[in-house]
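The chain contents come next:
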There are 2 protein chains.
Amino acid sequence: MTPKISRFLSENRPATPCLVVDVDHVAERYAALKDALPLAQIYYAVKANPAAPILHRLVDLGSCFDAASIEEIRMCLSAGATPQQISFGNTVKKVSAIREAFEAGVNLFVFDSEEELDKIARNAPGARVYCRLVVENDGADWPLSRKFGTTVKHAYDLMLRAGALGLDPYGLSFHVGSQQTGIEAYEAAIAKVAMLFTDLSAAGLDLRMVNLGGGFPIRYRDDVPEIERFGLAVGQAMTQHFGNNLPQMLVEPGRFLVGSAGVVSTEVVLVSRRGGAPEAPRWVYLDIGRFGGLAETEGEAIRYPVRTAHDGTESGPTVLAGPSCDGVDILYEKRKVDLPLALRDGDRVELLSTGAYVSTYCSTGFNGFAPLQEHYI
Amino acid sequence: MTPKISRFLSENRPATPCLVVDVDHVAERYAALKDALPLAQIYYAVKANPAAPILHRLVDLGSCFDAASIEEIRMCLSAGATPQQISFGNTVKKVSAIREAFEAGVNLFVFDSEEELDKIARNAPGARVYCRLVVENDGADWPLSRKFGTTVKHAYDLMLRAGALGLDPYGLSFHVGSQQTGIEAYEAAIAKVAMLFTDLSAAGLDLRMVNLGGGFPIRYRDDVPEIERFGLAVGQAMTQHFGNNLPQMLVEPGRFLVGSAGVVSTEVVLVSRRGGAPEAPRWVYLDIGRFGGLAETEGEAIRYPVRTAHDGTESGPTVLAGPSCDGVDILYEKRKVDLPLALRDGDRVELLSTGAYVSTYCSTGFNGFAPLQEHYI
């Protein structure tokens with residue numbers, strides 16, 4: 001938790017549940033990533049948190065933007081981004097969205113299938129396109145490889161087709177999975193993409209870009225490699241495979257920029273021993289759960305650090321659950337959380353590193369609960 | 001799909017994705033349930049769909065309401081329900097919510113832990129309370145037994161404690177799990193609750209109510225037993241265990257009343273063969289997914305029937321996925337859906353029996369997509 005968030009919470013005691021984001025911290029993370037990957041252009045993955053104060057700040061810093069929908073493109077434009085700073089990074093786009101984006105001046109579109117490529121050719125003639133490859137997602141806490149990306153062989157054919165359709169076959173991309181803690185995942189993916197890049201160049205295409213995707217991890221409860229190490233490894237792998245003729249490099253960080261900038265402040269609704277026996281597991285129910293924004297706790301994938309006013313006192317293993325009548329609204333049960341035994345209903349609890357993928361996953365009103373309040377400071 | 005919805009869709013062609021609910025059909029389902037369980041008082045589980053037109057219609061029909069939060073209680077009161085018609089049916093309630101409900105006249109509260117009971121005693125003195133038992137959820141597509149309910153032994157102690165705390169120990173409840181297709185689940189649960197009921201009565205408590213929960217299934221792709229069979233089995237089990245001295249019976253249907261009253265109208269965004277090979281699995285991406293309201297497709301638990309304009313033509317196994325950049329936003333992959341090969345992007349597709357647990361699970365704006373539009377006709 002940054003000092004600014006800590007001060008905001010103690011001075012304002014905002015109603016719970018709420019998300020507080022330190023926008024200065026986002027700027028610091030942007031600078032750190034820029035330092036670690038000086039040759040890469042940063043395309044912020046808007047989906048991680050599309051709040052206007054974040055977009056405005058990133059526009060001021062010269063960031064580009066990776067948008068998942070026409071709505072996100074509109075948000076970026078409203079925040080002052082130019083169309084040239086926007087990549088339409090969803091491999092699944094409505095025709096109406098492609099058209100509107102192209103008419104607005106957006107000129108960078110991803111695809112991973114012939115059908116999507118043809119849609120782009122028809123509705124954004126001449127646009128720059130890049131093909132997403134499927135790569136290993138081992139080591140990622142939130143894998144993305146089942147739904148997106150295609151094979152090297154297929155990508156080769158599609159890139160040639162892109163040229164034949166009058167599009168500009170601009171580059172290749174991959175995604176190693178979100179919250180990827182293995183540096184070698186990037187190295188292996190770069191090796192794969194470089195081979196295809198070379199083959200396509202030999203076939204006469206003027207490829208100029210490699211999009212390394214996102215996935216850079218942040219610290220939740222466990223240490224992760226520093227971003228410098230990712231930067232170094234990516235730089236070395238790119239030089240090894242492309243020599244001095246480096247293509248333009250794009251990265252699409254979301255979690256890395258905004259995750260650690262946010263804190264969810266929540267209230268304990270109930271502490272109970274299920275079944276009543278002293279040896280029964282202790283459950284703590286918060287006023288936010290999986291459907292209030294903590295969707296990434298599905299399968300207990302993302303494990304947010306928990307802070308309470310009783311930290312340091314006697315503690316015990318605890319199941320953490322949400323407030324709804326839904327049986328799957330449990331945050332951590334298989335791997336319990338160590339929480340103070342003094343915790344009682346009405347106590348405030350802070351969930352750290354919740355700046356990414358929380359505010360927009362939040363349901364419109366499941367069980368009647370209002371959407372998460374957001375404070376950008 | 002009811003004729004009214006079919007007509008609405010063809011005449012209005014509402015923008016997709018949207019949910020269309022036939023409120024008359026809700027009334028028909030209410031009447032059918034009333035017929036099947038004439039002795040039970042129906043408490044509509046508001047969480048299934050809290051839309052005002054549904055609440056208004058059910059108020060007109062004399063329904064009572066099972067509310068999960070103070071917000072749902074306010075919705076019921078706004079729709080014309082009296083406080084006496086409302087049960088505060090969440091075992092996890094904020095103190096402020098208990099107080100507001102009690103002050104508004106709500107006088108029926110559930111609990112399943114000592115801590116929650118004590119909260120009710122302090123903040124709703126003298127209120128009627130009932131204890132939720134944990135029962136087997138085998139046979140349910142959406143189980144609820146891990147998070148809620150307590151043991152018979154614990155419930156016995158808690159009900160005595162309720163009396164000692166000056167509360168009115170009014171009854172017992174259970175929930176066999178949502179979309180419960182096994183009639184015997186109700187029979188077993190009634191046997192269990194009846195034994196405890198008898199023991200508590202012998203201990204001097206004036207128990208008067210058994211809340212049978214919800215869970216009554218609707219037809220998705222597979223046939224389910226008719227509601228008459230559930231009604232008959234429940235009636236027989238109650239008579240067998242309670243004789244002529246039947247307590248007041250409550251049921252809390254949600255899905256049963258509104259599920260089949262709703263249709264989600266959606267548009268195909270992309271049809272592709274992942275990897276390009278003709279033998280590769282075919283994927284159909286819709287403009288609604290798990291985070292647009294179809295949360296119950298998690299683990300492929302609830303399988304909505306799919307209707308297209310090409311039905312009856314040649315078809316094949318298809319993966320159905322949502323439009324977001326999230327790797328888990330896949331509706332059906334392990335058990336594929338048989339869909340027409342003629343399906344193309346831009347085609348409309350209807351997802352049937354989506355009236356329950358869709359509109360409120362919908363995210364506020366994941367990937368920038370606006371919340372589901374709703375039409376109540």
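Residues numbered from 1 in each chain as written. Chains lettered and ligands numbered in written order. Predicted model: local features only at pLDDT ≥ 70, side-chain atom pairs only at ≥ 80, totals over all residues. Heavy atoms only, no water.

The name an unreviewed UniProt entry gives chain A is ornithine decarboxylase, with Tanticharoenia sakaeratensis NBRC 103193 as the organism. In its Cofactor (unreviewed entry) section, the UniProt record describing chain A reads: "pyridoxal 5'-phosphate". Under Pathway (unreviewed entry), UniProt gives the following word-for-word description of chain A: "Amine and polyamine biosynthesis; putrescine biosynthesis via L-ornithine pathway; putrescine from L-ornithine: step 1/1." (UniProt positions renumbered as here; feature names shortened; annotations may be inferred.)

**Q** I keep staring at the packing of helix H5 (residues 95–104) of chain B against helix H6 (residues 114–123) of chain B and nothing clicks. Help me out?
**A** The description of two packed helices rests on the angle between their axes and on the distance between the axes. Residues and elements named next belong to chain B. At their nearest, the axes of H5 and H6 sit 9 Å apart, and the two run at 45° to each other. Taken together, the axes of H5 and H6 are oblique relative to one another. For the crossing formed where H5 meets H6, the hand is right-handed. Two secondary-structure elements touch here, H5 through Val95, Ile98, Arg99 and Phe102 and H6 through Glu116, Lys119, Ile120 and Asn123. (Axes fitted to C-alpha atoms, helices over the stretch in contact; angles between N-to-C directions. Helix = DSSP H or I, 4+ residues; strand = E, 2+ residues; numbered from the N terminus. Parallel < 35°, antiparallel > 145°, perpendicular 65-115°, else oblique. Left-handed = near helix turned anticlockwise from the far one by under 90°. Contact = heavy atoms within 4.5 Å.)

**Q** Would you explain the interface of chain A and chain B in this entry?
**A** One widely used convention gives an interface's size as the accessible area the parts lose upon coming together. With 71 residues of chain A at the contact, the number on the chain B side is 71 residues. Interface of chain A and chain B: buried area, both sides summed, is about 5500 Å²; carbon and sulfur atoms make up 54% of it. Summed over the shared surface of chain A and chain B, the number is eight salt bridges. Linking A:Asp287 and B:Lys94 is a salt bridge whose minimum nitrogen-to-oxygen distance equals 2.7 Å. Across the contact surface, chain A and chain B share 37 residue pairs in polar contact (both at pLDDT 80 or more). Counting residues per element, the ones that place at least two in the side of chain A that touches chain B are helix H4 (70–78), helix H6 (114–123), strand E12 (262–273), strand E13 (282–286) and strand E16 (330–340) of chain A. With six residues, the single largest contributor to the side of chain A that touches chain B is E12(A). A breakdown of the residues in the side of chain A that touches chain B according to their chemical character gives 26 nonpolar, 24 polar and 21 charged. (Buried area = accessible area lost by both parts, 1.4 Å probe. Salt bridge = Lys/Arg side-chain N within 4 Å of Asp/Glu carboxyl O. Polar contact = N/O pair within 3.5 Å; in protein donor to acceptor, adjacent residues only side chain to side chain. Nonpolar A, V, L, I, M, F, W, Y, C, P; charged D, E, K, R; others polar.)

**Q** Which parts of the structure should I look at to understand the relation of the copies chain A and chain B?
**A** In summary, the two copies of the chain are related to each other by a rotation about an axis coupled with a shift along it. Each copy superposes on the other: chain A lies on chain B with an RMSD of 0.0 Å after a rotation of 180° and an axial shift of 0.0 Å. Accordingly, the operation relating the two chain copies is best matched by a two-fold axis. Taking C-alpha positions as reference, the residue of chain A nearest the rotation axis is A:Ser363, located at 2.0 Å. In this assembly, 100% of the residues forming the interface of chain A have copies in chain B that are likewise at the interface, indicating an isologous arrangement. (Least-squares fit on C-alpha atoms with pLDDT ≥ 70 in both.)

**Q** Honestly, helix H3 (residues 52–60) of chain A in this entry has me stumped. Any pointers?
**A** Since there are 3.6 residues in each turn of an α-helix, residues three or four apart along the chain are aligned in direction. Residues and elements named next belong to chain A. Where H3 is concerned, the buried positions are Ile54, Leu55, Leu58 and Val59. All buried residues of H3 lie within an arc of 135° about the axis, which places them on one face of the element. A positive backbone phi angle near 90° is found at Gly62, which sits one or two residues after H3. (Buried < 20%, exposed > 50% of the residue type's maximum accessible area, 1.4 Å probe, protein only. Arc of directions from axis to C-beta.)

**Q** When you look at the packing of helix H4 (residues 70–78) of chain B against H5(B) in this model, what are you seeing that I'm missing?
**A** All names here are of chain B. Remark: H4 packs on H5, axes separated minimally by 9 Å, with the N-to-C direction vectors making an angle of 20°. On the basis of the axis angle, H4 is roughly parallel to H5. The chirality of how H4 crosses H5 is left-handed. In contact with Ile70, Ile73, Arg74 and Leu77 of H4, H5 contributes Ala97, Glu100, Ala101 and Ala104. Partitioning the contact of H4 with H5 into residue classes produces six nonpolar, no polar and two charged.

**Q** So what exactly am I meant to see when it comes to the side chain of B:Thr354 here?
**A** All names here are of chain B. Residue position: Thr354 is located in the loop between strand E17 (348–352) and strand E18 (373–376). A distance of 2.9 Å separates a polar atom in the side chain of Thr354 from the backbone nitrogen of Val264. With residues near it in sequence (within four places) discarded, Thr354 still touches Leu19, Gly259, Gly262, Val263, Val264, Leu294 and Tyr304.

**Q** Is there a simple way to explain the domain arrangement of chain A in this structure?
**A** Residues and elements named next belong to chain A. What the domain assignment lists for chain A is domain 1 (50–253) and domain 2 (260–376). Here domain 1 packs against domain 2, burying approximately 1200 Å² in sum over the two surfaces, 62% of which is carbon and sulfur. Taken as a group, Trp142, Tyr220 and Arg221 account for 60% of the area that domain 1 buries against domain 2, more than any other trio of residues on that side. Put simply, domain 1 and domain 2 have zero salt bridges between them. At the surface where domain 1 touches domain 2, the tally comes to two residue pairs in polar contact (both at pLDDT 80 or more). Sorting the residues of the side of domain 1 that touches domain 2 by element identifies H3 and strand E7 (140–142) as the ones contributing at least two each. Across the side of domain 1 that touches domain 2, the residue classes tally to seven nonpolar, one polar and three charged. (Domains from an automatic or database assignment.)

**Q** Before we go on, may I ask you to explain the UniProt feature "modified residue: N6-(pyridoxal phosphate)lysine" (unreviewed entry) in chain A in this structure?
**A** Look at the UniProt record and you will see "modified residue: N6-(pyridoxal phosphate)lysine" (unreviewed entry) annotated at A:Lys47. If near-sequence neighbours (up to four positions away) are discounted, A:Lys47 is found in contact with A:Asp66, A:Ala68, A:Glu72, A:Tyr357, A:Thr360, B:Cys325 and B:Asn367.

**Q** Explain the side chain of B:Lys47 here, please?
**A** Checked against the element boundaries, B:Lys47 lands in the loop between strand E2 (40–45) and helix H3 (52–60). A polar contact of 3.4 Å, which involves the side chain of B:Lys47, links it to the side chain of B:Asp66. Beyond its immediate stretch of four places on either side in the chain, B:Lys47 contacts A:Cys325, A:Asn367, B:Asp66, B:Ala68, B:Glu72, B:Tyr357 and B:Thr360.

**Q** Please explain the packing of aromatic side chains as it appears in this structure.
**A** Remark: the centre distance and the inter-plane angle together describe each pair of aromatic rings, the angle taken between the planes. Considering all chains together, one arrives at 23 aromatic pairs over all chains under this definition. Each ring, one from A:Phe216 and one from A:Phe256, has its centre 6.5 Å from the other, and the planes form 75°; the classification is edge-to-face. Taken together, the residues span a long stretch of sequence, with A:Phe216 in the loop between strand E10 (209–211) and helix H9 (227–242) and A:Phe256 in helix H10 (residues 255–258) at a distance of 40 residues. Summarising the burial analysis for this pair, A:Phe216 and A:Phe256 share the class buried. Seen in terms of ring centroids, B:Tyr220 and B:Tyr304 are 5.6 Å apart; in terms of plane orientation they differ by 80°. Their pairing is edge-to-face. Taken together, the positions of B:Tyr220 in the loop between strand E10 (209–211) and helix H9 (227–242) and B:Tyr304 in the loop between strand E13 (282–286) and strand E14 (306–308) put the pair 84 residues apart, joining distant regions of the chain. The buried category is assigned to B:Tyr304, whose relative accessible area is 1%. (Phe/Tyr/Trp six-rings, centres within 6.5 Å; stacked < 30°, edge-to-face > 60°.)

**Q** Where do I start with the pattern of salt bridges in this structure?
**A** Opposite charge on two side chains allows them to pair when their charged atoms are near. Taken as a whole and judged by the stated rule, the model has 40 salt bridges over all chains. The salt bridge partner of A:Arg219 is A:Asp223, with a shortest N-O separation of 2.7 Å. Relative accessible area serves as the criterion here: at 43%, A:Arg219 is assigned to the partly exposed category. The class for A:Asp223 is exposed, based on a relative accessible area of 65%. One salt bridge in this structure joins B:Arg161 and B:Glu114, with 3.6 Å as the shortest N-O distance. Here B:Glu114 lies in helix H6 and B:Arg161 lies in helix H7 (residues 152–164), a separation of 47 residues in the sequence. Judged by relative accessible area, which is 34%, B:Glu114 ranks as partly exposed. Among the ionic contacts, a cluster of salt bridges with common partners joins A:Lys4, A:Asp22, A:Asp24 and A:Arg57.

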